[in-house]
Amino acid sequence: MFIDPPYNTGSAFTHYDDGLEHSLWLTMMRDRLEIIRNLLADEGSLWITIDDNEAHYLKVLCDEVFGRRNFVANIVWQKRTSRENRAAVGSAHDHLLIYAKCGAVDWKSTRQLLPANNAGYANPDNDPRGEWRSIPFSAQGHRPNQMYKIKTASGDFVDPQKAGVGALLSRSTWSI
């Protein structure tokens, strides 16, 4: 189930409870969360979008209503890419709180899983650990003072290259 409750900022449209006193907002949310908890199927989950104004209070409230073990994740998503000059620090993100009625561990096995996508994986060197794929061996935000050499299985040392250079390092050529 997905809900997008009032963010309680007072900036929404007319006839929308979006500027309640904090304790009233929490009470309103508690009532709704308890109803949702009772309506959810055992394998169901609740996804709630909220901003920084109430996100952390809502997390504590959801912990009380659903139980802390039922917390799955707090996903931070970027809601804007442009700069916000009206605030001291502009908020470019919102939160997505996720709770599972059966608990995070059990929910993992019942959620709608995507079909396996093994594109690009192979085992050309018959590695006993199974299929693998080559990945770019590059460093995003390359800074020489933050790079270190990697020793390969042959004893050679390899330097990370700047992103976009396209150097590849297969799993079979490095050791940890």
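Residues numbered from 1 in each chain as written. Predicted model: local features only at pLDDT ≥ 70, side-chain atom pairs only at ≥ 80, totals over all residues. Heavy atoms only, no water.

Q: I keep staring at the packing of aromatic side chains and nothing clicks. Help me out?
A: The geometry of an aromatic ring pair is captured by the separation of the ring centres together with the interplanar angle, meaning the angle of the planes. For the coordinates displayed, the defined rule picks out three aromatic pairs. Each member of the aromatic cluster is reached from another via a ring pair, and the members are Phe66, Phe71 and Tyr99. For Lys59, the ring lying beneath its charged end belongs to Phe71, and the centroid distance is 4.0 Å. (Phe/Tyr/Trp six-rings, centres within 6.5 Å; stacked < 30°, edge-to-face > 60°. Lys NZ or Arg CZ within 6 Å of the ring centre and 35° of its normal.)

Q: Could you clarify how one ought to interpret the confidence of the model for the chain in this entry?
A: Should pLDDT be low for a region, the predicted coordinates there are not to be read in detail. Scored by pLDDT, the chain has a mean of 80; 79% of the residues are at 70 or more. The lowest-confidence element of the chain is strand 10 (residues 168-169), averaging 48 in pLDDT; the highest-confidence one is helix 2 (residues 55-66), averaging 96. Across residues 165-176, where pLDDT falls below 50, the model places 28 contacts with residues more than four positions away in sequence or in other chains. (pLDDT = per-residue confidence, 0-100. Helix = DSSP H or I, 4+ residues; strand = E, 2+ residues; numbered from the N terminus. Contact = heavy atoms within 4.5 Å.)

Q: Is there a simple way to explain a nonpolar patch on the surface in this structure?
A: There is a patch of nonpolar side chains on the surface, built from Met1, Ile35 and Leu39 and spanning about 320 Å² of accessible area. Structurally, Leu39 is set in helix 1 (residues 22-39). (Patch = residues over 30% accessible without salt bridge, like charges linked within 9 Å, V, L, I, M, F, W, Y side chains within 5 Å. Areas by Shrake-Rupley, 256 points an atom, 1.4 Å probe, with all protein chains shown as cover. Salt bridge = Lys/Arg side-chain N within 4 Å of Asp/Glu carboxyl O.)

Q: Just checking my understanding: could you explain the pattern of salt bridges for this structure?
A: Pairs may arise between side chains of opposite charge once their charged atoms sit close together. For the structure shown, the criterion picks out seven salt bridges. For Glu64, the salt bridge is made with Arg30, and the minimal N-O distance between the two is 2.5 Å. You can see Glu64 sitting in helix 2 and its partner Arg30 sitting in helix 1, a full 34 residues away along the chain. A relative accessible area of 29% means that Arg30 is categorised as partly exposed. The shortest N-O distance in the salt bridge between Asp63 and Lys59 comes to 2.8 Å. Residue Asp63 and its partner Lys59 are located together in helix 2, separated by four residues, close to a single helical turn. (Buried < 20%, exposed > 50% of the residue type's maximum accessible area, 1.4 Å probe, protein only.)

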